[in-house]
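Secondary and tertiary structure notes
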Amino acid sequence: MNIETKIKETIQKNKLCNKKEKILVALSGGKDSTVTAYLLKKFGYKIEGFHINLGMGDYSEKCLEAVKKLCGELRIKLHVYDIKKEMGSSMCYLRSAIQSRKSLKNCAICGVIKKWILNKEARKLKADKIATGHNLDDEAQTFLMNIFKGSPELSANSGAITRNISDKKFIPRIKPLFYVLENDVREYSKKEKLPVIYDKCPCAIDSYRIQVRKFVDGLSNEEKMNIIKNMDKMLGSQRDDSSKDDSGEPKIEKKETKINYCEVCGEPSRNEVCKKCELMGVNS
Ligand code: SF4
Ligand SMILES: [Zn+2]
């Protein structure tokens, strides 16, 4: 099955979005988010782009240029969030300040802050969904990382669409590339000559994910797909004929995650203080 058909099928089977919704695509400048935006636009969805300029020197400049080029060529409205202007410092500085107090990897910190920004800004822009470019390899890595850390429950809300969270302040996240192998995304982006930055992020050097990535890279495509199939099964989201509801539609098991609002910033959080405020030491 080619990548376009696979993504269409993922969107339909998992009811990721419809053509009336406003979808904000989180654009990094990399191949995955670029292909996500390109195909959602091609399929006729109402999308806008959102880019976080992390202020990480030349790399961030190149990413911003690529995103601007893509949005210009495809006529996608682009919103740029400049972290230096909005939060007072670049991601490198924010991260070093946090790492002087907590022993955490670069991506763990960056990921929490980016998610916080995305949800908050998507809500301001009245987006119905946030689309990210996570592919099958990313998801297999995350699932294995959670298992290796002894916390498989951290994958409970994973899937092509965020599950089990319904809250007016939380914007659901969708991953149209969830069932697409990374190599297929790379090939497609080259075939379509999309403006993509293929360089790796310079700050990902010490990431635990890189170790897991090496392991996943050594697996066959079938083995990678089996990880995702089993993850779906374990999480009770496998749609099959034996689980249809009264209307004949496949049923998704639901176990709602309780959402609070962060006492400091007011954003949705599982705990009294959200992860971003906890990291930034603004919990008092
Ligand atoms: S690779 Fe890691 S540090 Fe770089 S942008 Fe992504 S999450 Fe942030
Ligand atoms: Zn907070």
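Structure report, in brief. These numbers come from a predicted model, not from an experiment. (Residues numbered from 1 in each chain as written. Chains lettered and ligands numbered in written order. Predicted model: local features only at pLDDT ≥ 70, side-chain atom pairs only at ≥ 80, totals over all residues. Heavy atoms only, no water.)

Turning next to the site of ligand 1. Residues in contact with ligand 1, as listed here, are Leu54, Cys107, Cys110, Lys114, Cys201, Cys203 and Ala204. Residues of the shell around ligand 1, tallied by class, amount to six nonpolar, no polar and one charged. (Near = heavy atom within 4 Å. Nonpolar A, V, L, I, M, F, W, Y, C, P; charged D, E, K, R; others polar.)

Across the interface, helix α2 (residues 31-42) lies against helix α8 (residues 182-191) with an axial gap of 10 Å and an inter-helix angle of 65°. The pairing of α2 with α8 is recorded here as roughly perpendicular in orientation. Relative to α8, the crossing made by α2 is left-handed. Touching Lys31, Asp32, Val35, Tyr38, Leu39 and Lys42 of α2 are Glu182, Val185, Arg186, Tyr188 and Ser189, all from α8. Residue classes in the contact of α2 with α8 are distributed as five nonpolar, one polar and five charged. (Axes fitted to C-alpha atoms, helices over the stretch in contact; angles between N-to-C directions. Helix = DSSP H or I, 4+ residues; strand = E, 2+ residues; numbered from the N terminus. Parallel < 35°, antiparallel > 145°, perpendicular 65-115°, else oblique. Left-handed = near helix turned anticlockwise from the far one by under 90°. Contact = heavy atoms within 4.5 Å.)

Let us look at the packing of aromatic side chains. Throughout the structure, instances matching the rule amount to four aromatic pairs. Relative to Tyr81, the ring of Phe50 has its centre 6.3 Å away and its plane inclined at 45°; by these criteria the two rings are tilted. Placement of the pair is Phe50 in strand β2 (residues 46-53) and Tyr81 in strand β3 (residues 77-82), with a sequence separation of 31 residues. The same class applies to Phe50 as to Tyr81, namely buried. Just above the ring of Tyr198 sits the side chain of Lys190; from NZ or CZ to the centre is 4.9 Å. (Phe/Tyr/Trp six-rings, centres within 6.5 Å; stacked < 30°, edge-to-face > 60°. Buried < 20%, exposed > 50% of the residue type's maximum accessible area, 1.4 Å probe, protein only. Lys NZ or Arg CZ within 6 Å of the ring centre and 35° of its normal.)

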